[in-house]
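Breakdown of the fold
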Amino acid sequence: MTLTLHVNGRDHVITSDPDTPLAYVLRDELKLKGTKLGCGLEQCGACAVLVDGQAVLSCVSSAASFAGRDINTIEAVGETDIGRRVQAAFVAQSAAQCGYCTAGLVIAATSLLGRHPLPDDTAITEALTPHICRCGSHPRVLRAVKQAAET
Amino acid sequence: MSLDAHPLIADWIGTRDGRLLIRTGKVDIGQRISTALLQIAHEELTVPYELIDIAAVRTGESPDEGITSGSNSVEQSGNAVRRASATLRGLLIADAAERYGGEKSDWIVEGGALHLPGTNHRLLVTEMIKDTHLACPIDPEASIAQGHGGTLPAPPMRGLTAMTAGNYTFVHDLDLPGMLHARVIRPPHAKARLKSIEESAIQRAEAKGLRLIQDGSFLALIGPKEWPVVEGALKLSAACDWDIGDGIPEIDVFGHLTTAKAVGRFLVVDGTPQQGPVPDLPSGHNFKARYERPYQMHGALAPSAALAQWDGEKLCVHTHSQGIYPLRESMADSLGLDKNQVEITHVPGSGCYGHNGADDAALEAALIALAMPAVPILLKWTREEEHCWEPYAPAMVVELAATMERGRITAFSAEAFSDTHRGRPRPGPNRAGPSKQLANRFRLEPIAPNSAQPNMGRHAGMHRNLDPIYDFANKRLVKNLVTGLPHRTSAMRTLGAAANIFAIESFMDEMARIDGSDPFAIRRAHLSDPRAVAVLDALERQVAELPGLPATDGRGIAYAQYKNQMTRVGICVDVSANDRAEIRLNHCVIVADAGRVIDADGLVAQLEGGFLQAASWSLYEKVVWNRDGIQSRDWDSYPVIRFDNIPAIKVIVLDRPDERSVGAGEASPGPTIAAIANAIFDATGIRMRRMPFRPDDILRQAVSE
């Protein structure tokens, strides 16, 4: 039985082994390289994607487990109003240094604002704590999420 | 250094497709050097940002600027691009005046064009450059744009929009036709060597379209799709039989960082180690303390990676190394190639904060590529490999002794102890470069690591910032190189400055407490540099505006000037400690003087980032190992700071438009560690002299006191 994934608004028939973690299918087969791999252990958040609007880590769970779900990667985030606002706020706040954690954080923020249009500090912290940033852009990311919520 | 080796305008500036092209040998590792260079070129030539490109950093094309390290990029590359641009501006004006008349001083350069007021003459800089002989020497005295010559606000950080859209290309994202993915199969630890691999396991891998590449104990698996390579490497790893020898020594490293174990001892005078006898510590000091930092890792968010392709004549490597020219020499030597057969191109990786696995991954990708001519090989390390195999920041001890009389420090001794901070593959005697590259140790004809040589440069290695910035009488400073310790070590952000400033600035706090004086006052009393005093004054004013401290909270300050000659930084940190000794960072104020400010937002970002990385070192980070190997194998076993402990941070930059611009990427970590330790003491009465300050460390220290 072939696996079909609904990614960024389109159905894709997947030829990779369905047990392959989703991130590898996105990057290697669908050539969506924006989703990053940082640990392969669901510890760092770099691989977050939107699944039915929720931020989900994609580096461990099999591609097959996402069948029938609506998957959106960083490449498609700018197609929603919230996603665009988050991206613009990250740029406005210079909320990155090396940028490797950025895609995961934009996904996490987009997911959060979809659930809580005006999140308080605790909700923002909770949403972002699964994500590691080693460059120390945290204060800027926190400001960016607030700016995106307020615009 | 940059200008001496590359003295021509053409070395730094050119045009391509009607656009200005800036060349640099410094690579952008998230510190925004490319944004700063863009701004400098704009300030001098006024060409709009959207018409300026920064060329890819590639051997044979880019200026050789050694290694991107030491917070030197703005001073070296920035200065070179500024002088080249300023010289060029002078040439263009002279040319315009000659062709169209007018005095040179009448011509105005603005908006990327030369204009003679009162005429219609408007000459585009990018057009004029095409007809200008650029192979002429840069005038190091060329007058530079006064104030901020450019008319545009600071440029947005290069690549930022792409980063938020997922289309910024990291080396991990390279994808060429016919490319194979690769993973290395590692031994259990650095002392292990391969005995055998089950033949049937190799056959099973081959049946799946995978192929094993072997050079002695260096093993790698390659295949067309990434995940089957990852899985296959795990399976093959289980089929390997390793001679594990005696394992990794399970020693207390701090017990080995002593005078008795030192292989080299040097008196340090004015920041520079001296040959000759080291005087004994005089007796009579009324204060002694020992400060310790464990092995810590760079912990890049992205495991190291590299792409290599060998066409039988030339080896092309894409890497996130910080030093493409030194790496080229080391790789050519390792592989028996002429260096002109090796072309290395920098492609961004994640932030590295020093010498991580990048250079090792580049050689490993090349070893595989040489076995697979014409096939592009993309090698990626796993999270576990990066944690276990990157070269760590060495464990370090700083022993202080001092005499204080009536609030004045009248004698001061500091001795630093550590293994080398210099593990980069730089060319040197005895195949120094290859001896530092990981894979070479495991090959059939191995290149063993050289014994570490002491770094005798000013404020280099472990003695960076060992010399206190204060006016202490009777200083005795000693560098002690200790080798033969359990782990490979190399350069990490600030080198020895982190431990030295932690020690000196904790000591100043201890002195203030003993003396009953104010931590600002005791520092000012020993500082004659007015810019240092200005930083402390500004910090004190900012601190006065912080919310009042509850009884369970604490406040600590620290001050340092990186390498005693670069950015000056004062930091205040407010923390709270709960009854489980968990430390929360509440507020942080950073005041900095980096001379003339170029990219103000980038400068602030570096200061914030340095603070947060050092806060992570202070509160969380420590490499753990045992006989079986490294046990800090992921982000659970090696925790780092996360979004749940980020304080409110305020950064104040004292702009000094008439002073030299100096780098700031490593200015804030040292004082951060001490400010946090001092704040913990203020909150708890417990003096933490060994990093990290985790709850169990603090409770253990409380018991021992």
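On a predicted model such as this, the values are computed, not experimentally measured, just so you know.

1. Details of the overall build of chain B
Per the secondary structure count, chain B includes 19 helices and 27 strands. For a compact globule of 705 residues, the expected C-alpha radius of gyration is about 27 Å, and chain B comes in at 27 Å, within 12% of that figure. Along the three orthogonal principal directions, the C-alpha set of chain B runs to about 80 × 75 × 50 Å. Sorting the 705 residues of chain B into buried and exposed places 62% on the buried side. Long-range contacts, defined as pairs at least 24 residues apart, comprise 77% of the intrachain contacts of chain B with a sequence gap of at least 6.

2. Comments concerning the domain arrangement of chain A
Residues and elements named next belong to chain A. Looking at chain A, the domain boundaries give domain 1 (3-74) and domain 2 (77-150). Between domain 1 and domain 2, the buried area comes to about 1,200 Å², and carbon and sulfur atoms account for 63% of it. Linking domain 1 with domain 2 are 0 salt bridges. Within the residue set of the side of domain 1 that touches domain 2, elements represented by two or more residues are β3 (48-51) and β4 (54-57). The greatest single-element share of the side of domain 1 that touches domain 2, amounting to 3 residues, is contributed by β3. In terms of residue class, the side of domain 1 that touches domain 2 is made up of 8 nonpolar, 8 polar and 1 charged.

3. Section: helix α7 (residues 199-207) of chain B
Residues and elements named next belong to chain B. By the burial criterion, the buried members of α7 are Ala201, Ile202 and Ala205. Seen end-on, α7 carries its buried residues on one side only, within an arc spanning 100°. Away from the buried face of α7 by more than 90 degrees, exposed residues Glu199, Arg204 and Ala207 are located.

4. Brief notes about the domain arrangement of chain B
All names here are of chain B. One can read the domain layout of chain B as domain 1 (2-163), domain 2 (171-246 + 298-389), domain 3 (253-296 + 392-481) and domain 4 (514-704). A C-alpha centroid distance of 22 Å is found between domain 3 and domain 4. Taken together, the contact pairs 27 residues of domain 3 with 26 residues of domain 4. Summed over both partners, the interface of domain 3 with domain 4 buries about 2,500 Å², with 55% contributed by carbon and sulfur atoms. Taken as a group, Gln296, Ile469 and Tyr470 account for 24% of the area that domain 3 buries against domain 4, more than any other trio of residues on that side.

5. Re the nonpolar core
In terms of nonpolar packing, the biggest core is built from 203 residues, with A:Phe90, B:Leu315, B:Met331, B:Phe412, B:Phe507 and B:Phe693 touching the most fellow members. Looking at this core element by element, the count peaks at 11 residues for helix α14 (residues 497-515) of chain B. Dropping the residues within four chain positions of it, A:Phe90 is found in contact with A:Ala95, A:Thr102, A:Leu105, A:Val106, A:Ala109, A:Val141, A:Ala144, A:Val145, B:Leu160 and B:Thr164. One finds B:Ile9, B:Ile54, B:Leu88 and B:Met128 within the second-largest nonpolar core, a separate group that totals 37 residues.

6. Things to note about the pattern of salt bridges
Residues and elements named next belong to chain B. All chains considered together, the criterion is met by 59 salt bridges over all chains. Between Arg458 and Asp270 there is a salt bridge, with the nearest N and O atoms lying 3.3 Å from each other. Here Arg458 is found in the loop between α13 (432-435) and β21 (475-481), whereas its partner Asp270 is found in the loop between β12 (264-269) and β13 (272-274), with 188 residues between them in sequence. Classification of Arg458 by relative accessible area gives partly exposed; the value is 38%. Accessibility expressed as a relative area gives 51% for Asp270, which makes it exposed. Here Arg700 ties to Asp697 by a salt bridge, and the two come within 3.3 Å at their closest N and O atoms. Highlighted residues: Arg700 and Asp697, both in helix α19 (residues 695-704), separated by 3 residues, approximately one helical turn.

7. Side note on the packing of aromatic side chains
Evaluation of the coordinates by the stated rule reveals 12 aromatic pairs over all chains. For the ring pair A:Tyr100 and B:Phe170, a centre distance of 5.0 Å and an interplane angle of 80° mean the geometry is edge-to-face. A residue pair is termed interchain when its members come from two chains, as with A:Tyr100 in the loop between α3 (81-92) and α4 (102-115) and B:Phe170 in the loop between α6 (160-165) and β7 (180-185). Take A:Tyr100: its relative accessible area is 1%, and that puts it in the buried class.

8. Topic: the sheet that holds strand β5 (residues 113-115) of chain B
All names here are of chain B. Read from one edge to the other, the open sheet built from 3 strands follows the order β4-β5-β6, with strand pairing classed as antiparallel. Of all the strands in the sheet, the pair left with one neighbour each is β4 (108-110) and β6 (122-124). The average angle at which neighbouring strand axes cross in this sheet is 25°, direction not considered. Pairing between β5 and β6: 3 bridges, direction antiparallel. Counterpart to Ala113 in the pairing with β6 is Leu124. Sheet strands touched by helix α4 (residues 73-100): β4, β5 and β6. Its angle to β5, the strand with the most contacts, is close to 45°.

9. Looking at the packing of helix α10 (residues 324-335) of chain B against helix α11 (residues 358-371) of chain B
All names here are of chain B. Where α10 meets α11, the axes come as close as 11 Å, and the angle between the chain directions of the two elements is 40°. One element, α10, and the other, α11, form an angle in the oblique class. The two elements α10 and α11 cross, and the hand of that crossing is right-handed. Here α10 contributes Leu327, Met331, Ser334 and Leu335 to the contact with α11, which in turn contributes Asp359, Ala362, Leu363, Ala366, Leu367 and Leu370. When grouped by side-chain class, the residues that make up the contact of α10 with α11 number 8 nonpolar, 1 polar and 1 charged.

10. A word on the pairing of strand β1 (residues 13-16) of chain B
All names here are of chain B. Of the pairings in the sheet, the one linking β1 to strand β2 (residues 19-22) comprises 4 bridges and is antiparallel in character. Each residue of the ladder has a partner; that of Thr15, found in β2, is Leu20. Linking β1 to β2, which pair antiparallel, is a turn of 2 residues; within it Asp17 sits at a positive phi near 50°.

11. Regarding helix α1 (residues 22-29) of chain A
A large share of α1(A) lies buried, amounting to 8 of its 8 residues. Residues A:Leu22, A:Ala23, A:Tyr24, A:Val25, A:Leu26, A:Arg27, A:Asp28 and A:Glu29 constitute the buried set of α1(A).

12. Observations regarding the packing of helix α5 (residues 121-128) of chain A against helix α6 (residues 138-150) of chain A
Residue and element names in this part refer to chain A. The N-to-C vectors of α5 and α6 enclose an angle of 120°; their axes lie 11 Å apart at closest approach. With respect to α6, the element α5 is oriented oblique. For the crossing formed where α5 meets α6, the hand is right-handed. Where α5 abuts α6, its residues Asp121, Ile124 and Leu128 lie against Val141, Leu142, Val145 and Lys146.

13. A word on the state of the cysteines
Residues and elements named next belong to chain A. Going through the model one piece at a time under the given rule, you end up with 0 disulfides over all chains. The cysteine Cys98 is free of any disulfide, with Cys135 supplying the nearest cysteine sulfur at 3.8 Å. A relative accessible area of 8% places Cys98 in the buried class.

14. As for the interface of chain B and chain A
The accessible area lost on association of the parts is a frequent measure of interface size. Contacts between chain B and chain A engage 53 residues on the former and 50 residues on the latter. Buried area between chain B and chain A, summed over both chains or domains, comes out near 4,400 Å², and the portion from carbon and sulfur atoms is 57%. Between the two partners, chain B and chain A, sit 8 salt bridges. Residue B:Asp173 is joined to A:Lys36 by a salt bridge in which the shortest nitrogen-to-oxygen separation is 2.6 Å. Seen at the junction of chain B and chain A, the total is 26 residue pairs in polar contact (both at pLDDT 80 or more). For the side of chain B that touches chain A, the secondary structure elements donating two or more residues are α6, β7, α8 (226-238) and α17 (600-619) of chain B. Ranked by residues supplied to the side of chain B that touches chain A, first place goes to α17(B) with 9 residues.

15. Quick word on the pairing of β4(A)
Residue and element names in this part refer to chain A. Where β3 lies against β4, 4 bridges are found, and the strand directions are antiparallel. Within β4, the position partnered with Ala48 by the bridge is Leu57. Remark: 2 residues form the turn of the hairpin made by β3 and β4, two consecutive strands paired antiparallel; Asp52 in that turn has positive phi of roughly 50°.

Cut-off values and rules
Residues numbered from 1 in each chain as written. Chains lettered and ligands numbered in written order. Predicted model: local features only at pLDDT ≥ 70, side-chain atom pairs only at ≥ 80, totals over all residues. Heavy atoms only, no water. Helix = DSSP H or I, 4+ residues; strand = E, 2+ residues; numbered from the N terminus. Rg over C-alpha atoms; globule rule 2.2 N^0.38 Å. Buried < 20%, exposed > 50% of the residue type's maximum accessible area, 1.4 Å probe, protein only. Contact = heavy atoms within 4.5 Å. Domains from an automatic or database assignment. Buried area = accessible area lost by both parts, 1.4 Å probe. Salt bridge = Lys/Arg side-chain N within 4 Å of Asp/Glu carboxyl O. Nonpolar A, V, L, I, M, F, W, Y, C, P; charged D, E, K, R; others polar. Arc of directions from axis to C-beta. Core = buried A, V, L, I, M, F, W, Y, C linked by side-chain atoms within 4.5 Å. Phe/Tyr/Trp six-rings, centres within 6.5 Å; stacked < 30°, edge-to-face > 60°. Pairing = 2+ DSSP bridges. Axes fitted to C-alpha atoms, helices over the stretch in contact; angles between N-to-C directions. Parallel < 35°, antiparallel > 145°, perpendicular 65-115°, else oblique. Left-handed = near helix turned anticlockwise from the far one by under 90°. Disulfide = S-S within 2.5 Å. Polar contact = N/O pair within 3.5 Å; in protein donor to acceptor, adjacent residues only side chain to side chain.

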